[in-house]
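# Residue-level structure breakdown
Spelled out from the first residue to the last, the chains are:
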Amino acid sequence: MKTIQQITVCHITSAHPRTDIRIFIKQCCSLAQAGYKVVLLVADGYGDEKQQGVNIFDVCPPSKGRLARMVSTVDRLFTAAKNVDADIYHLHDPELLRIALKLKKLGKCVIYDAHEDLPSQIAFKPYLSKLSRILLPPAIKQYEFYVTRNLDAIVAATPHIRDKFQTVNSNAVDINNYPLLQELYSSNLIYEVREARVCYVGSISEIRGIYPLVQSLPISGSSVRLSLAGRFSETEVAAKARTLPGWQQVDELGHVDRHELKGLFSKSIAGIVTFLRAPNHIYAQPNKMFEYMSAGLPVIASNFPLWKEIIHGNECGLCVNPEDPKEIADAIHYLAANPQEIVRMGKNGRSAVERNYNWETEKEKLLALYQRLMHRIMGG
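Below is a summary of the structure that appears in this document. Position numbers for residues start from 1 in each chain and track the written sequence from start to end. For this predicted model, a pLDDT threshold of at least 70 governs which residues receive local features, and a threshold of 80 or more governs which side-chain atom pairs are given and counted, while totals over whole chains, interfaces and linings are taken from all residues. Note: side-chain values were computed over all heavy atoms of the structure, leaving out hydrogens and water.

## Observations concerning the packing of aromatic side chains
- Here the aromatic set is Phe, Tyr and Trp, taking the six-membered ring for Trp, and pairing holds for ring centres within 6.5 Å; pairs whose planes are under 30 degrees apart are stacked, those over 60 apart are edge-to-face, and all others are tilted. The final tally for this structure, using the stated rule, is ten aromatic pairs.
- Ring geometry for Tyr112 and Phe165: centres 6.3 Å apart, planes at 70°, overall edge-to-face. Here Phe165 lies in helix 6 (residues 159-166) and Tyr112 lies in strand 6 (residues 109-114), a separation of 53 residues in the sequence.
- In this structure Tyr112 comes out as buried when scored by relative accessible area, which is 3%.
- Relative accessible area serves as the criterion here: at 0%, Phe165 is assigned to the buried category.
- Between Phe265 and Tyr292, the aromatic rings sit 5.5 Å apart at their centres with planes inclined by 75°, giving edge-to-face as the arrangement. Here Tyr292 lies in helix 11 (residues 287-294) and Phe265 lies in helix 9 (residues 258-266), a separation of 27 residues in the sequence.
- For every residue, the accessible area (1.4 Å probe, protein chains only) is compared with the maximum for its type, and the residue is labelled buried under 20%, exposed over 50%, or partly exposed between those bounds. Overall, Tyr292 belongs to the buried group, its relative accessible area being 0%.
- Clustering of aromatic rings is evident, with ring pairs tying together Tyr112, Phe145 and Phe165.
- Cation placement over rings: the criterion is NZ of Lys or CZ of Arg within 6 Å of the ring centroid and within 35° of the ring normal. In this arrangement the basic side chain of Lys102 is found over the ring face of Phe78, its NZ or CZ atom lying 5.4 Å from the centre.
- The residue whose ring lies beneath Arg350 is Tyr185, and the NZ or CZ to ring-centre distance is 3.9 Å. By definition, any uninterrupted DSSP run of H or I lasting at least four residues is a helix, any uninterrupted run of E lasting at least two residues is a strand, and each is numbered from the N terminus.

In structure tokens form, the structure reads like this:
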């Protein structure tokens, strides 16, 4: 009978960087620390290496274009996956569903990790035609269900995604993308000396509310500045955003590493997550929202029911109409004018993360799932 130390786990991603927070830092490293032999297959062109007990194998440079990634990159990953000969395979991208059943036919245990509600997300992809955005979501949903009903487990990034997959696979569990408790938190926070600065972290796009956010700045006050940490997903959106009133109050930082992120949070009075209304957003639990909270930073968020339940329920921020620059501006101005509220909401958010919204609680769910699968592999 195999022990944990004899079980090989292979995580595969065709689209994410090797140091992705959910895939590598949280899942792969947690499994390696628990004693599993962990392999991560990537396609980023940076070569093979070993980090924190995880063997990272690089199959090829990043593909030029989505179609190449979905075909040639996935084929290379499948070949590499077979060579690893793992006991458990954990797939992190929708295009990898194409090889999921192939791995099952080899007698392997296969997990699909649904980071997003893909059909809902596809309906708002700007690079697709209007007809494609109508026809593709139901077809993709059918294909997802066809494949995943035959897999050993589904890992979902939110309870909403878990509930969707539980209709076809009873072994669907939510492992939320909650933050590491100590990564972004400074115990010696000094709120009183902060300038009137808010921050937005993550991919920047129209559907994520960049236009109303920039337009809110001059209404908030001439001294308010926005630190924009991330990259624009479309060049046209970037060009338009840079012409809007308020752009002169934006500090465009580009990609920010985790150490720099901690420093950025310590200088800000609020973290912004004002995504526009879309099915994939309404039921989402944005990682950045919880990271702001973990850093002791008040959150200004969209007024979706689930988000209001988290933000208002824990008294750790303000919820606004994400399409209304005036509402966003009023929230920023309120915090800038009331430093005692910044302290109160920041401490409340941090406390909520310590109680409920942290990776330690989710890690136990991940390890419990793997333990069940290991018993299945060993015929227990």
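Moving on from the coordinates now.
## Thoughts on the packing of helix 13 (residues 325-337) against helix 14 (residues 339-355)
- Relative orientation of the contacting elements helix 13 and helix 14 amounts to 100°, with a least axis distance of 5 Å. By the angle class used here, helix 13 and helix 14 are roughly perpendicular. Where helix 13 abuts helix 14, its residues Tyr334, Leu335, Ala336 and Ala337 lie against Pro339, Glu341, Ile342 and Met345.
- Of the residues in the contact of helix 13 with helix 14, the class split is seven nonpolar, no polar and one charged. Lines fitted to the C-alpha atoms define the axes, with helices restricted to the stretch that makes contact. Angles between their N-to-C directions range from 0 to 180 degrees. Throughout, the term roughly parallel applies to angles under 35 degrees, roughly antiparallel to angles over 145, roughly perpendicular to angles from 65 to 115, and oblique to all others. Contacts are assigned to residue pairs that have any heavy atoms within 4.5 Å of one another. Gly falls in the polar group here, along with every residue not listed as nonpolar (Ala, Val, Leu, Ile, Met, Phe, Trp, Tyr, Cys, Pro) or charged (Asp, Glu, Lys, Arg).

## Describing helix 9
- Among the residues making up helix 9, those that are buried are Leu261, Leu264 and Phe265. For helix 9, the buried positions fall inside an angular range of 95° around the axis, keeping them on one side.
- Sitting at the amino-terminal end of helix 9 is Asp257, which places a side-chain oxygen 3.1 Å from the backbone nitrogen of His259. Think of it as the arc spanned by the lines of direction from the helix axis to the C-beta atoms. As used in this structure description, the phrase polar contact means that two N or O atoms lie within 3.5 Å; if the pair is within protein, one of them must be able to donate a hydrogen and the other to accept it, and residues adjacent in sequence are counted only when both atoms belong to side chains.

## A short note on the environment of Asp85
- Topologically, Asp85 is positioned in the loop between helix 2 (66-84) and strand 5 (88-91).
- Distance from Asp85 to Thr8, taken between C-alpha atoms, is 8.0 Å for residues 77 residues apart in sequence.

## Details of the sheet that holds strand 14 (residues 317-320)
- Two strands qualify as a pair provided DSSP detects at least 2 bridges between them. The strand order across the open sheet built from six strands is 11-10-9-12-13-14, with neighbouring strands paired in parallel fashion. Whereas interior strands pair on both sides, the edge strands pair on one side only; in this sheet they are strand 11 (250-254) and strand 14. Between one strand axis and the next, the sheet turns by 25° as a mean value, whatever way the strands run.

## Brief notes about the packing of helix 7 (residues 210-220) against helix 13
- It is at 8 Å that the axes of helix 7 and helix 13 come closest, and there the two elements cross at 55°. As far as their axial angle goes, helix 13 and helix 7 are oblique. For helix 7 against helix 13, the interelement crossing comes out right-handed. Of helix 13, the residues touching helix 7 (which contributes Pro212, Leu213, Gln215, Ser216, Ile219 and Ser220) are Pro325, Lys326, Ile328, Ala329, Ile332 and His333.
- Grouping the amino acids of the contact of helix 7 with helix 13 by side-chain chemistry returns seven nonpolar, four polar and one charged. Rotating anticlockwise by less than a right angle from the far helix to the near helix defines a left-handed crossing, while the corresponding clockwise rotation defines a right-handed one.

## Observations regarding the side chain of Lys164
- Of note, Lys164 is situated in helix 6.
- The class of Lys164 is buried, set by a relative accessible area of 13%.

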